[in-house]
Amino acid sequence: MGIIIQARNISKTYPKKKERVRALQEVSFQVKKGELVGLLGPNGAGKTTMVKIIAGLVAPDQGEVEIAGYNTWKERGRTLRKLSAVLEGNRNIYWPLTVKENLNFFASLKGQPPRKVQQRIDYLISKLNLEKKVNVTARSLSRGMQQKLALAVALVVDVPVLILDEPTLGLDVESALEIREMLQDVVYQENKTVLLTTHDMRLVRAICPRVIIINQGQIVTDDRVENLLRLFEAKSYRLKLTGHLTSKQEEMISLVENAIIHNDRHNGVYIDLHLESMDSLYIILDILRENNSPIESIERQEIDLEQVFLEIVGRRRKNGQPDSFASTG
Amino acid sequence: MGSLILLQAQVKKEFILLRRYFFNFLGGFATLYVVFLLLFLGYRGLAAGTDMYGTGLGNLIVGYMLWIFAMTIYQDISYHLFNEAREGILEQLYMSPFGYIRVTAFRLIAGLVLNFGMAFLILMAMMLSTGRYLNLDLISLVPLIILLLVPIAGLGFILGGLQILYKRIQSILQIVQFLLVGVVVAPINLGWTVFLPGTMASHLVRQVMVEEAFITALPWTQFLMALVMAVFYLLLGLAIFKLCERRAMISGRLGQF
Ligand SMILES: Nc1ncnc2c1ncn2[C@@H]1O[C@H](COP(=O)(O)OP(=O)(O)OP(=O)(O)O)[C@@H](O)[C@H]1O
Ligand SMILES: [Mg+2]
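Residues numbered from 1 in each chain as written. Chains lettered and ligands numbered in written order. Predicted model: local features only at pLDDT ≥ 70, side-chain atom pairs only at ≥ 80, totals over all residues. Heavy atoms only, no water.

**As for the domain arrangement of chain A**
- Taken domain by domain, chain A holds domain 1 (3–230) and domain 2 (235–303).
- Between the C-alpha centres of domain 1 of chain A and domain 2 of chain A there is a distance of 43 Å. (Domains from an automatic or database assignment.)

So, in structure tokens, the structure goes:
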């Protein structure tokens, strides 16, 4: 089967003066060789913590991570030969060095002499459209260019696993697209394994066949994106009304879980429903019957990944309110 | 084999940065030289005409040169680490299969050529402007200077490690940097001073440069003491650094500044 990333029972609590922050609780997952997996979750869910534990930069309280069979803590050197990581932010490269110098230096840092990777460097530079910037210091590059360079640096030596923490955060559409294409190439042509965290649902939709969603330090979903969409699509309805609702009806409907009333000047009144069970649909129909409110149509809703995501992380909350999260999409 | 690649890369990087920031290097050189001239003028005003003038001047020159050596290697560890952390590169360096300590050690070795160059230039400038020429017997001097640098590197690792853990200790770094003056000029006849990092080695360097002793003529007990102190401070430094690093990985503060 070729499992290349194996996380077993990872828990992490950050020691802090006043309170202890539980960042991860018994997280386990596997990634197969050649997979491209998105790690999603609202702010503070524990994504970066997970990434850093995999990269051997943060020590877990319990559990272990294996990369290609090597334990990230006990066999640090060996693991680090198997993986590259681009961490959060724009600080993965040497600012006083140029694009080319960075690539040469980081190749050596991973144990490859620069002359052996020249072809690779040329390829990465042209693939990521950095040709004109080869002799420009990283400091003077734009944010998008810096991020592309960071990705190039992570790919300069041939490692089987690539970990990326929010690779397209704050990038313009074009740079994000270039990074997206590069990642796809890396997976489908070079058979590398990629695990990336992001808030960018379009990126996930475009390149990640599988997502792991974590919320408050726990995995809440680990499934293929198509399955998630199908699952939620089947449960999403829109009821369109021809008339108006009485205020009593509105009040009663608003008490139904996962029902949202829209009062649109152009489209009239409609109710969006995410069904946990068919019950809520019947309840709403009962409420509508009271006034004989005419129903124009009941349609199954098109649903996008963003809604699925909000549903999933929202459902874990006690009050049923989705957590606010920064979307870069 | 792998290590050689890393060393080459570090030498190359140091060289690129030297060329790119050559004016900083010149500026640093000029500042150090001017400070020395002021010290020299002050000294001449006090000691001119006395019997001790020549030896004292020799000691002043050697002390100044050793301080530059000590300060550079110390800064190369502690300040560099601060910069690497601030520029966010620290975590990437930690992800090198060679490990951060080896990456840093090789940068130090790469930088050593530069340090020797700088110290040599300053020494020449000092000797030319004071007319006091000292014994430059490299066979005796190089091993002794290394015995000075190694324990100071240990000191650098101690403070570097504390810095990973307690971020805002720049003022302490600066204070230690000036305490290094004391370390390299302290006389050994106080007894306890031989336990300071690099003090014994500094004394031996003075013996060679000012008293013109050959390395084999130095008391072997003193040489041994310098060696023991070098090993002791280096091991202590690495141990404390590892400990701090471990703590930082538990609290997730490795790359946070
Ligand atoms: N070094 C640290 N010390 C204490 N608490 C921390 C530390 N790093 C992270 N945390 C806390 O751990 C939790 C998980 O943080 P983490 O950075 O892993 O989340 P994230 O999913 O990456 O969030 P984001 O989407 O904002 O990047 C948060 O509550 C955060 O405040
Ligand atoms: Mg994060």
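**Regarding unusual backbone geometry**
Residues and elements named next belong to chain A.
- The phi dihedral of E26 falls on the positive side, at around 45 degrees, and the residue is not glycine.
- Considering the arrangement of structural elements, one finds E26 in strand β2 (residues 21–32).
- Even without glycine at this site, E166 takes up a positive phi of about 50 degrees.
- Judged by its relative accessible area of 9%, E166 is buried. (Helix = DSSP H or I, 4+ residues; strand = E, 2+ residues; numbered from the N terminus. Buried < 20%, exposed > 50% of the residue type's maximum accessible area, 1.4 Å probe, protein only.)

**Digging into the sheet that holds strand β4 (residues 62–67) of chain A**
All names here are of chain A.
- With respect to topology, four strands assemble into an open sheet ordered β2-β1-β4-β5, the strand pairing being antiparallel. Looking at the sheet topology across the chains shown, the edges are occupied by β2 and β5 (70–71).
- Note that β4 and β5 share two bridges and pair antiparallel. Each bridged residue has a counterpart across the sheet, and for I67 the counterpart in β5 is Y70.
- Those strands touched by helix α1 (residues 47–54) are β1 (3–14), β2 and β4, and its axis lies near 60 degrees from that of β2. (Pairing = 2+ DSSP bridges. Contact = heavy atoms within 4.5 Å. Axes fitted to C-alpha atoms, helices over the stretch in contact; angles between N-to-C directions.)

**Some thoughts on the packing of helix α3 (residues 53–86) of chain B against helix α6 (residues 138–166) of chain B**
All names here are of chain B.
- Relative to each other, α3 and α6 sit at 30 degrees, their axes nearing to 8 Å. By the angle between their directions, the pair α3 and α6 is classed as roughly parallel. In this structure, α3 crosses over α6, and the sense of that crossing is right-handed. Listed contacts from α6 to M65, L66, F69, A70, I73, Y74, I77, S78, L81 and F82 of α3 are I145, L148, L149, I152, A153, G156, F157, L159, G160, Q163 and I164.
- Residues of the contact of α3 with α6, tallied by class, amount to 17 nonpolar, four polar and no charged. (Parallel < 35°, antiparallel > 145°, perpendicular 65-115°, else oblique. Left-handed = near helix turned anticlockwise from the far one by under 90°. Nonpolar A, V, L, I, M, F, W, Y, C, P; charged D, E, K, R; others polar.)

**Thoughts on the site of ligand 1**
- Close to ligand 1 lie 18 residues; N43, G44, K47, T48 and T49 of chain A are nearest.
- Per-site note: the chains with residues close to ligand 1 are chains A and B.
- Between K47 of chain A and ligand 1, the recorded distance is 2.7 Å, taken from a side-chain N or O atom to an oxygen atom.
- In this structure, G252 of chain B approaches ligand 1 through a main-chain N or O atom, which is 3.2 Å from a nitrogen atom.
- When isolated, ligand 1 has an accessible area of 640 Å², and the protein chains bury 77% of it.
- More than half of the atoms belonging to ligand 1 lie within 2 Å of the grid points that define the second largest pocket.
- Of the residues belonging to the shell around ligand 1, the class tally is five nonpolar, nine polar and four charged. (Near = heavy atom within 4 Å. Polar contact = N/O pair within 3.5 Å; in protein donor to acceptor, adjacent residues only side chain to side chain. Areas by Shrake-Rupley, 256 points an atom, 1.4 Å probe, with all protein chains shown as cover. 1 Å grid on protein atoms, 1.4 Å probe; cavity = no way out; pocket = protein on both sides within 12 Å on 5 of 7 lines; lining within 4 Å. Sits in = over half its atoms within 2 Å of the grid points.)

**Comments concerning the coordination of the magnesium ion (ligand 2)**
Residue and element names in this part refer to chain A.
- At this site the magnesium ion (ligand 2) is bound by T48 (OG1) and E88 (OE), with donor distances of 1.9 to 2.3 Å. One end of the pair, T48, is in helix α1; the other, E88, is in the loop between β6 (83–86) and α3 (99–109), with 40 residues separating them in the sequence.
- A relative accessible area of 43% means that E88 is categorised as partly exposed. (Donors = N, O, S within 2.8 Å, 3.2 Å for Na, K, Ca; no water.)

**Digging into the interface of chain B and chain A**
- Counting residues at the interface gives 29 residues for chain B and 35 residues for chain A.
- Interface area, chain B with chain A, both sides summed: about 2900 Å², of which 63% is carbon and sulfur.
- Counting every contact that joins chain B to chain A gives two salt bridges.
- Run the count over chain B and chain A and you get twelve residue pairs in polar contact (both at pLDDT 80 or more).
- Those elements giving two or more residues to the side of chain B that touches chain A turn out to be α1 (2–20), α3, α4 (90–94) and α9 (220–251) of chain B.
- It is α1 of chain B that contributes the most residues to the side of chain B that touches chain A, eight residues altogether.
- Across the side of chain B that touches chain A, the residue classes break down as 16 nonpolar, six polar and seven charged. (Buried area = accessible area lost by both parts, 1.4 Å probe. Salt bridge = Lys/Arg side-chain N within 4 Å of Asp/Glu carboxyl O.)

**Section: α3 of chain B**
Residues and elements named next belong to chain B.
- Helix length check: α3 (34 residues) gives 47 Å between terminal C-alpha atoms against 50 Å at 1.5 Å per residue, within 8%.
- Counting buried positions along α3 yields 24 of 34 residues, so the element is predominantly enclosed.
- Just downstream of α3, G88 is the residue with a positive phi angle, here 75 degrees. (Expected span 1.5 Å × (residues − 1).)

**Let's talk about the sheet that holds β6 of chain A**
Residues and elements named next belong to chain A.
- Overall, mixed pairing links the six strands, which are arranged β6-β7-β8-β3-β9-β10 in an open sheet. At either margin of the open sheet sits one strand with a lone partner, and together these are β6 and β10 (218–224). Direction aside, neighbouring strands of the sheet carry axes that sit 15 degrees apart on average.
- Alignment of strand β3 (residues 36–40) against strand β8 (residues 193–197), held across four bridges, turns out to be parallel. Each residue of the ladder has a partner; that of G38, found in β8, is L196.
- Taken strand by strand, helix α6 (residues 173–188) contacts β3, β7 (161–165) and β8, and its axis lies near 150 degrees from that of β8.

**Re the pattern of salt bridges**
- This structure, assessed with the given rule, holds 20 salt bridges over all chains.
- Its salt-bridge partner being K52 of chain A, residue E91 of chain B comes within 3.0 Å of it at the nearest N-O pair. With E91 of chain B in helix α4 and K52 of chain A in helix α1, this residue pair bridges two chains. In terms of burial, E91 of chain B and K52 of chain A fall into one category: buried.
- Put simply, R120 of chain A and E190 of chain A hold a salt bridge, and the shortest N to O gap is 2.9 Å. Linking R120 of chain A in helix α4 (residues 118–127) with E190 of chain A in the loop between α6 and β8, this pair joins segments that are 70 residues apart in sequence.
- When its relative accessible area of 25% is taken as the criterion, E190 of chain A is described as partly exposed.

**What about the confidence of the model for chain A?**
- Of the residues in chain A, 95% reach a pLDDT of 70 or more, and the chain-wide mean stands at 87.
- Per-element mean pLDDT across chain A ranges from 78 in helix α11 (residues 305–315) of chain A up to 97 in β7 of chain A. (pLDDT = per-residue confidence, 0-100.)

**With respect to the nonpolar core**
- Among the nonpolar cores identified, the biggest contains 178 residues, and F29 and M50 of chain A are the most heavily contacted of them.
- For this core, the element with the highest residue contribution is α3 of chain B, accounting for 17 residues.
- The contact partners of F29 of chain A, leaving out residues within four places of it in the chain, are I5, Q6, A7, M50, I54, L195, R210, I212, I219 and D222 of chain A.
- Membership of the second largest hydrophobic core comes to 15 residues, among which are I253, A259, I271 and I287 of chain A. (Core = buried A, V, L, I, M, F, W, Y, C linked by side-chain atoms within 4.5 Å.)

**A look at the layout of surface pockets**
- Its boundaries defined by the atoms lining it, the largest pocket holds a volume of some 1100 Å³.
- Around the largest pocket, the lining is made up of 29 residues, and of these E14, N24, Q75, D76 and H80 of chain B lie nearest the centre.
- Secondary structure elements with two or more residues in the lining of the largest pocket: α1, α2 (22–47), α3, α5 (100–130) and α7 (170–185) of chain B.
- With nine residues, the single largest contributor to the lining of the largest pocket is α3 of chain B.
- Tallied by class, the residues present in the lining of the largest pocket amount to 13 nonpolar, ten polar and six charged.
- Of the pockets and cavities examined, the second largest pocket occupies roughly 880 Å³.
- For the second largest pocket, the lining is made up of 34 residues, of which Y14 of chain A together with S251, G252, R253 and Q256 of chain B are closest to its centre.
- Looking at the lining of the second largest pocket, the elements with two or more residues in it are β2 and α1 of chain A together with α4 and α9 of chain B.
- For the lining of the second largest pocket, the element with the highest residue contribution is α1 of chain A, accounting for four residues.
- By residue class, the composition of the lining of the second largest pocket is ten nonpolar, 14 polar and ten charged. (Points joined across faces, edges and corners; volume = space filled by probe spheres on them.)

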